[in-house]
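Close look at the chain arrangement
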Amino acid sequence: MVRSGSRDPRAFAVTVEGDSMEPKVFQGDRVICEPSRHPINGKPVVAKYDNEDVQLRIYHKLPNGKIRLAPLNSVYPTIEYELDEFHWIYPVLELVRSF
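Residues numbered from 1 in each chain as written. Predicted model: local features only at pLDDT ≥ 70, side-chain atom pairs only at ≥ 80, totals over all residues. Heavy atoms only, no water.

**So, the nonpolar core**
Counting eleven residues, the largest nonpolar core consists of Val16, Met21, Val25, Val31, Cys33, Val46, Leu56, Ile58, Ala70, Tyr90 and Val92. In this view, Ala70 contacts Met21, Arg57, Ile58 and Thr78; residues no more than four positions away in its chain are not counted. (Core = buried A, V, L, I, M, F, W, Y, C linked by side-chain atoms within 4.5 Å. Buried < 20%, exposed > 50% of the residue type's maximum accessible area, 1.4 Å probe, protein only. Contact = heavy atoms within 4.5 Å.)

Written as structure tokens, this is what we have:
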């Protein structure tokens, strides 16, 4: 169980794996997703793709309707997707880090 300030009854936590969001988010951190809210440009989201992969990225909806998901670590590419390539995209409310 992860404590959170979320009021979304559908909220859930995801444990981060990998280093694509370093230096701000590290492996083992947890992010709280709120399925009842809509993503906001420039804010973090967790996206589940049609191929079942799940990623934490910075969200941008482009004027042409495509979705751009950007990592914070410049080693990884920023990629544009069609909206129908996702099962879901949920905004991140907060980060929970344990020491």
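**Thoughts on the pattern of salt bridges**
One pass over the structure, following the stated rule, counts five salt bridges. The salt bridge involving Lys48 is made with Glu52; its shortest N-O contact spans 3.0 Å. With a closest N to O distance of 3.6 Å, Glu82 and Lys66 form a salt bridge. Here Glu82, found in the loop between strand 6 (79–81) and strand 7 (86–96), pairs with Lys66, found in the loop between strand 4 (54–61) and strand 5 (67–70); they are 16 residues apart in sequence, far enough to count as distant. In this structure Lys66 comes out as partly exposed when scored by relative accessible area, which is 27%. (Salt bridge = Lys/Arg side-chain N within 4 Å of Asp/Glu carboxyl O. Helix = DSSP H or I, 4+ residues; strand = E, 2+ residues; numbered from the N terminus.)

**Quick notes on the pairing of strand 5**
In the sheet, strand 4 pairs with strand 5 via four bridges, with the strands oriented antiparallel. In the strand pairing of strand 5, Ile58 is matched with Ala70. Taking the residues between adjacent antiparallel strands as the criterion, strand 4 and strand 5 are bridged by five residues, where Gly65 takes a positive phi near 90 degrees. (Pairing = 2+ DSSP bridges.)

**Quick look at unusual backbone geometry**
In this model, Glu22 is joined to Pro23 through a cis peptide bond whose omega is 20 degrees. Mapped onto the fold, Pro23 is located in the loop between strand 1 (12–15) and strand 2 (30–33). The backbone phi angle of Glu52 is positive, close to 80 degrees, even though this residue is not glycine. Tracing the sequence through the fold places Glu52 in the loop between strand 3 (44–49) and strand 4.

**Concerning the environment of Val96**
Residue position: Val96 is located in strand 7. Spatially, the C-alpha atoms of Val96 and Thr78 are 25 Å apart, while their sequence positions differ by 18 residues. Residues within four places of Val96 in sequence aside, it is in contact with Val2, Arg3, Asp29, Arg30 and Ile32.

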